[in-house]
Amino acid sequence: MSLQDDRKRLRDVFSLPLFEAQNGGPRSCYPFIAKPPQVFEEKNAPPEPLIPTDPEMTKELAKHCSSIQKTSESMMRVVYDFDLLLAAHVRFGERGEHTEPYYKVQGEMDTTLVFESRFECGNLQKAYQLSESQYELLIRPDLSTTSNMQWFFFRVSNTRAKLRYKFIISNFYKSDSLFARGMRPLIFSEKEFKANKVGWRRFGSNVCYFQSSSQKVRVKGHEKSCGTLMFDFAFQHSYDTCYVAMNYPYSYSHLMQDLDALKKNIYTNNHFKRKMLCRTLAGNLCPYLVVEQEIDAPIRSTRTRPSLDIVVMARVHPGETNASWMMRGLLYFLTDERNEDATKLRSQCTIHVIPMLNPDGVINGNYRCSLANVDLNRKWENPKRHVQPTIYHAKELIRSLAAKKTLMCVIDLHGHSKKMNVFMYGCASPTLEERILPRLLWDKGLNFFQYSSCSFNIGKNKEGTARVALWKELDVLYSYTIEASFAGANFGRRQGQHFSPIDYAEMGAIIGRSILRFLSPEECKVVLAEVKEAAERESEDHGDEDDGSDSGSDADYGVASAKTGIATAMASSPPTNNTNNRRNQANARPQQQQQQRKDAIVRKQQMRRSPGRRRTLKITQPEMVFKGHAAARARRRNLINRELATAARHHHHHHQQHHQHHHQQHSPDDRSSGTTSNILYSSDTEDNNSNYNNNKSAYSSSIPVDDHGITGSMRRSSSSSRRKGGGGGGV
């Protein structure tokens, strides 16, 4: 990204209106006229099943949806327009005008639903009424963008219990969704909560997701059809106020309430320190926590600081609220002094927690981007301090820990809108050590973490992610992304059920316990053996198959491509005899590594320039095999240094011989003095001496000698050979 692009993005940010919320609330780009419910997880909530729709029924519903939209074109009317309301707020400022809803109910006989999304995390751009009970809704894109329509969260009022409603959300950015696999939207009823303490519940029937031609979105210069979600439902109460969301909301204010509760809790307040990482573009605070066993020791000199550091981050994508629920469970686990596992973990390492990397996007209801119209999880390679402040300061924090040689692993929590279960992304290495922590999280399938869905590929569009950028630049081998499905699991005790906030929080605690097991060398050794055994079985099962990897991205960095997530970094040639093939591979691997080291030495010698000038060696594909393996890189570096030192001595000796050779041409009497000539011309070279004496006159007349004892023509030929990549340069 150029400086001009950065300035344009900053101008776009500064052109957005900023409104200060009352009572010290967050700063947003539109005023909040409503407060969504801050409901925590319910321990006694019943499991809610995934209800997939039959494909044939989906086709019929898609045709029915198209017919509804065509027949209602002349009758539809706008009942909500966020853009017009925002323009009115900008025009009138904070004087209180236009805080009323867009549509005002015309008496008791009017059954029109009243929509609203001007609250924290809210997202709804437009609502069209097609008939008395049918509505077409449009999701608002991320601010300053025209795409990323995925997250929705809005309020409806003036409900009727006897009517059967149909909602058609017709401008989803993605053509595929978990709604097509049984996921259902969420609803919260204020009357139901007051009467029965019932919070968020899944609702809707005939839920289907399909591509529709009614809405188009422009992607990389091309138009494509948007995804459409359609479902039927009935409200439980009349004249109720309900909230509808894609997933369990978790706002910035919700996070601040959690941090305040942790500080007030006598069992958690002594083991973490709350800091500020930085301020966002809108001026909101980005919190940062340090979790240790003795965070508030009275005498600082008596504190025994752990020797390892672990960094856990979440919510770089604002719409992935399940990442915050996992982070919430992890925080309560880490800070609980009554938990023995948490106490052991705090005594062995310091955990640095950044619970929300994109507060501005969360506050304003974005799904993926920040206010600067960038995906922050693609800016880790070169973050700009004034454009991506949270990423810049987070990377500086991780860089400082890596410089102290205490950084062990970095974990980034995310949510996934297309896959089921919880799984992990990592960066491959020849030792397969990066697969130990995912294997520990899997734990023989006792939870809903699926090891077979893990992947260690590095696609071309993943270069700027935290996982890949930190692995490449700071040599963080254990750099992971944990993805949790928006829907639920398709195996284990949660098979066929939606994930709840309790499940996400439980997964956060499992992450903490797995990190503790990861610190045990004995357990890691056992798990690594299991990983290698599973990798060998996988290579046997898929030895003849194409892994489908992108050779233009992964192979450039010597990374193993994994078809199912547990394929290995072994040779890709199809084995004829698996046992003999593995034995041959094991025997050939040291020879291949030795040849790669020799090739590296030759390339480095060829790229050397004249003395006094240094040229760095570009790391090519064979050398990048050692990426992430510190011991192998150290051995390779020592071998190269030894070979270069030997080459330098030989070159110096040859240069000295050549100098004495021409010196004797002008001073033939010096040969009899028994000094240098006796060293350079021993008894083994008497024939060469005689030949040289016989042809001395011809040699002297044809090639002039300069002041340095080497001919100018030889200097020119030597320099030209170096320019062409040949040998003969100084070391």
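Residues numbered from 1 in each chain as written. Predicted model: local features only at pLDDT ≥ 70, side-chain atom pairs only at ≥ 80, totals over all residues. Heavy atoms only, no water.

Asker: Could you give an account of the nonpolar core, naming the residues involved and the relevant values?
Answerer: One finds Phe115, Phe152, Phe167 and Leu413 to be the most contacted residues of the largest nonpolar core, which totals 126 residues. Those residues in contact with Phe167 that lie beyond four places of it in its chain are Leu113, Phe115, Tyr135, Leu137, Phe154, Val156, Leu229, Met230, Phe231 and Phe233. Judged by nonpolar contacts, the second largest core, of 28 residues, contains Leu357, Ala402, Val410 and Leu474. (Core = buried A, V, L, I, M, F, W, Y, C linked by side-chain atoms within 4.5 Å. Buried < 20%, exposed > 50% of the residue type's maximum accessible area, 1.4 Å probe, protein only. Contact = heavy atoms within 4.5 Å.)

Asker: How would you explain the sheet that holds strand S13 (residues 242-245) if you had to name every residue and give the values?
Answerer: Hydrogen bonds along the backbone pair up the strands of a sheet, which may run parallel or antiparallel. Spatially, the five strands line up as an open sheet ordered S4-S7-S13-S9-S10, and their pairing is antiparallel. Bordering the open sheet on either side are strand S4 (114-116) and strand S10 (201-202), each of which pairs with just one other strand. As defined by bridge partners, strand S9 (residues 186-189) adjoins S13 across four bridges and the pair is classed as antiparallel. Residue pairing for S13: Ile187 is matched across the bridge by Val244. (Pairing = 2+ DSSP bridges. Helix = DSSP H or I, 4+ residues; strand = E, 2+ residues; numbered from the N terminus.)

Asker: Give a detailed account of the pattern of salt bridges, specifying residues and quantitative values.
Answerer: Taken as a whole and assessed by the stated rule, the structure comprises 18 salt bridges. Notably, a salt bridge pairs Glu116 with Arg118, separated by 2.8 Å at the nearest N-O pair. Residue Glu116 is classed as buried on the basis of its relative accessible area, which comes to 1%. As a salt-bridge pair, Glu473 and Lys395 come within 2.7 Å of each other at their nearest N and O atoms. With a gap of 78 residues between them, Glu473 in helix H11 (residues 466-474) and Lys395 in helix H9 (residues 389-403) connect regions that are remote in the sequence. Given a relative accessible area of 39%, Glu473 falls into the partly exposed group. (Salt bridge = Lys/Arg side-chain N within 4 Å of Asp/Glu carboxyl O.)

Asker: Tell me about the pairing of strand S15 (residues 285-291), and please be specific about residues and values.
Answerer: With six of seven residues buried, S15 lies mostly within the body of the structure. Sheet topology places strand S14 (residues 272-279) next to S15; seven bridges connect them, and they run antiparallel. Its bridge partner lying in S15, Phe272 is registered against Val291. In terms of strand pairing, S15 meets strand S17 (residues 349-354) through three bridges, oriented antiparallel. Along S17, the bridge assignment pairs Leu289 with Val353.

Asker: Describe the sheet that holds strand S20 (residues 478-485), with residues and values.
Answerer: Across the sheet, seven strands lie side by side as S14-S15-S17-S16-S18-S20-S19; this open sheet has mixed pairing. Single-partner strands in this sheet number two, and they are S14 and strand S19 (422-425). Ignoring which end each strand starts from, the neighbouring axes of this sheet average 20 degrees apart. Pairing of strand S18 (residues 407-416) with S20 involves eight bridges; the strand directions are parallel. Across the sheet, His414 pairs through a bridge with Glu483, a residue of S20. Most of the contacts of H9 go to S14, to which it runs at about 130 degrees, and overall it touches S14, S15, strand S16 (308-314), S17 and S18. (Axes fitted to C-alpha atoms, helices over the stretch in contact; angles between N-to-C directions.)

Asker: Account for unusual backbone geometry, with residues named and values stated.
Answerer: The backbone phi angle of Asn206 is positive, close to 55 degrees, even though this residue is not glycine. Asn206 gets classed as partly exposed once you look at its relative accessible area, which sits at 36%.

Asker: Kindly report on the packing of aromatic side chains, identifying the contributing residues and their values.
Answerer: Under the criterion given, the structure shown has 34 aromatic pairs. Relative to Phe172, the ring of Phe152 has its centre 6.1 Å away and its plane inclined at 80 degrees; by these criteria the two rings are edge-to-face. With Phe152 in the loop between strand S6 (134-138) and strand S7 (153-157) and Phe172 in strand S8 (residues 165-172), this residue pair connects regions lying 20 residues apart in the sequence. Both residues of the pair, Phe152 and Phe172, count as buried. Where Phe172 meets Tyr209, the ring centres are 5.4 Å apart and the plane angle is 65 degrees; that geometry is what we call edge-to-face. (Phe/Tyr/Trp six-rings, centres within 6.5 Å; stacked < 30°, edge-to-face > 60°.)

Asker: Provide a residue-level description of the side chain of Arg346, including the pertinent values.
Answerer: Here Arg346 is to be found in helix H7 (residues 340-348). Here Arg346 is buried and forms no salt bridge, its nearest opposite-charge partner Glu337 lying at an N-O distance of 6.1 Å. At 2.9 Å, the side chain of Arg346 and the side chain of Gln293 are in polar contact. Within the structure, Arg346 has its side chain in polar contact with the backbone oxygen of Asp336 (distance 3.3 Å). (Lys, Arg positive; Asp, Glu negative; His and termini not counted. Polar contact = N/O pair within 3.5 Å; in protein donor to acceptor, adjacent residues only side chain to side chain.)

Asker: Quick rundown of a nonpolar patch on the surface? Include the residues and the values.
Answerer: A contiguous nonpolar surface patch, about 230 Å² in accessible area, is contributed by Val78, Leu84 and Tyr102. Looking at the element boundaries, Leu84 is found in helix H3 (residues 82-92). A relative accessible area of 48% means that Leu84 is categorised as partly exposed. (Patch = residues over 30% accessible without salt bridge, like charges linked within 9 Å, V, L, I, M, F, W, Y side chains within 5 Å. Areas by Shrake-Rupley, 256 points an atom, 1.4 Å probe, with all protein chains shown as cover.)

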